[in-house]
Amino acid sequence: MQFNDLPLDHRIVKAVLGKGFTELTEIQSQAIPHALLGKDLLASSKTGSGKTLAFLIPALHRVFKSKALSRKDPRVLILAPTRELAKQVFMQLKWLISNQSISATLILGGENFNDQVKSLRHNPQFIVGTAGRVADHINGKSLYLNGLELLILDEADRMLDLGFAEQLKLIHRSADHRKRQTMMFSATLDNAELHYLTEKMLSSPKRISIGESNQQHTDITQQFYLSDHVEHKEKLLLKVLSETNDEQVIVFTATREDTDRLAKMLQDSGYQSTSLNAGLAQSQRSNVMNAFSRGQQQILVTTDLASRGLDLLKVQWVINFDLPKLADEYVHRIGRTGRAGNKGSAISFVGPKDWHSFIAIKGFLNQQIEFSQFDDLPSKFKGLKPAKDINRKRRAAKPKKRGQTETQNKPVKRVNTRAGVEIGDAPMKKKPKKEE
Ligand code: ADP
Ligand code: MG
């Protein structure tokens, strides 16, 4: 396909041909027509295949051809994982819009914040930036995205690897309206964390995947063990650890107290383990994290600390001593394992208190889960009855009074399942307050 064949604004065609490009690359010929229709896109293709123009061209076309939703807010926001990559995208944008009255600005971390505030006051139509700093401007109220028409995530998987999940969600929420179009580019599409993000941020996206992705897939085996109580979980933990070959492990617990207790128990059993929790000062946390990432400790026991640092840690094993309340957090946790090309294992213990979370996670993963079991450590707990059935039975036993509404009749118990129900299908909600 040639650039001349596309129904593009002539200024764009002129710029591209002027650069000596006549033929579209494969990703461009697949992505651009869809993007021009205003459709969401989830695309992958290898490095150097021309992804940048695949999103810049339809973005610029839209800005040329349609009326802005807002006079002040940026129309297009392009996020890249690193300063370097953001600069490269910005340079391509610059030549594409040279001689045109289109305004664009680059918002990078590590540069003067106030200078950026000033340039944002000029209401640029395009913003290219790194997610962290863009989020800072949203928090600082120097950037509003209500009028954003196009959100583009370049190398989305790398942004997640670098720990920008929270910032991406914030950016998404700040520009969450029906008219927004979103395009996501990623080296690999079958990444659990990415899957979560795409579910939330894209609406019925067109998936385009060209050739081999340039990263090998990460394989994460997920196993679930039923468990009776804490002591049982401790035995399971030791059992699982006895099957590792000194590879590094992150153990997640629900409470801060448990991180200390378990780390101590593991030390007593001869493991090099350490705990990380919100009780530690930031400098202590960094020390713990650094020591662990240098391999000085085998096991890190922690809670869902919302710290950026944890995002950077990659290990072979993730053990959920307790399940997180939100499926989102589960996916985030298991994302700590299975580096590109390597195998990883995520093992979760499911006790009575974890059951609702388990159901939610299962629903979210949308797959059948068979429990694993160690023959010498069987569990008496086999799961709770579905809450729905309990409700139905109660309703059957107690006929509704006239005028009484469904809600009034709802047994309180049902509330407990709410956390679970929210996970799979509700728009992104604030997480419950963490311990820190
Ligand atoms: P990716 O993001 O897929 O790694 P880039 O968008 O950085 O790749 O493009 C790689 C190079 O290919 C850039 O130098 C770009 O100018 C060039 N390029 C992009 N589209 C075309 C095209 N249609 N014909 C020739 N060269 C192109
Ligand atoms: Mg690129």
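Reference entry: report on the structure contained in this document. (Residues numbered from 1 in each chain as written. Chains lettered and ligands numbered in written order. Predicted model: local features only at pLDDT ≥ 70, side-chain atom pairs only at ≥ 80, totals over all residues. Heavy atoms only, no water.)

1. Concerning the pairing of strand β11 (residues 299-302)
Right, on to step 1. In β11, alternate side chains face the same way, and those of I299 and V301 on one face and L300 and T302 on the other are all buried.
Right, on to step 2. Pairing of strand β9 (residues 249-252) with β11, which is carried by four bridges, proceeds in the parallel orientation. Its bridge partner lying in β11, V251 is registered against V301.
Right, on to step 3. Taken together, the four bridges between strand β10 (residues 273-276) and β11 define a ladder with parallel strand orientation. Pairing of T274 across the sheet is with L300, part of β11.
Right, on to step 4. Once you follow β10 into helix α12 (residues 282-293) and on to β11, the crossover reads as right-handed. (Buried < 20%, exposed > 50% of the residue type's maximum accessible area, 1.4 Å probe, protein only. Helix = DSSP H or I, 4+ residues; strand = E, 2+ residues; numbered from the N terminus. Pairing = 2+ DSSP bridges. Right-handed = clockwise from strand over helix to strand, strands pointing away.)

2. Here we look at the packing of aromatic side chains
Right, on to step 1. Per the counting criterion, the structure on display carries eleven aromatic pairs.
Right, on to step 2. Geometrically, the ring pair formed by F224 and Y330 is stacked, given 6.0 Å between the ring centres and 25° between the ring planes. Placement of F224 in strand β8 (residues 219-226) and of Y330 in helix α14 (residues 327-334) is noted, with a sequence separation of 106 residues between them.
Right, on to step 3. For F224, a relative accessible area of 2% corresponds to the buried category. (Phe/Tyr/Trp six-rings, centres within 6.5 Å; stacked < 30°, edge-to-face > 60°.)

3. Details of the site of ligand 1
Right, on to step 1. Among the 15 residues in the neighbourhood of ligand 1, the closest are listed as E23, Q28, G48, K51 and T52.
Right, on to step 2. Here a nitrogen atom of ligand 1 sits 2.8 Å away from a polar atom, N or O, in the main chain of E23.
Right, on to step 3. Separating a nitrogen atom of ligand 1 from a side-chain N or O atom of Q28 is a distance of 2.8 Å.
Right, on to step 4. Ranked by the residues each element gives to the shell around ligand 1, the list is headed by helix α3 (residues 51-65), at three residues. (Near = heavy atom within 4 Å. Polar contact = N/O pair within 3.5 Å; in protein donor to acceptor, adjacent residues only side chain to side chain.)

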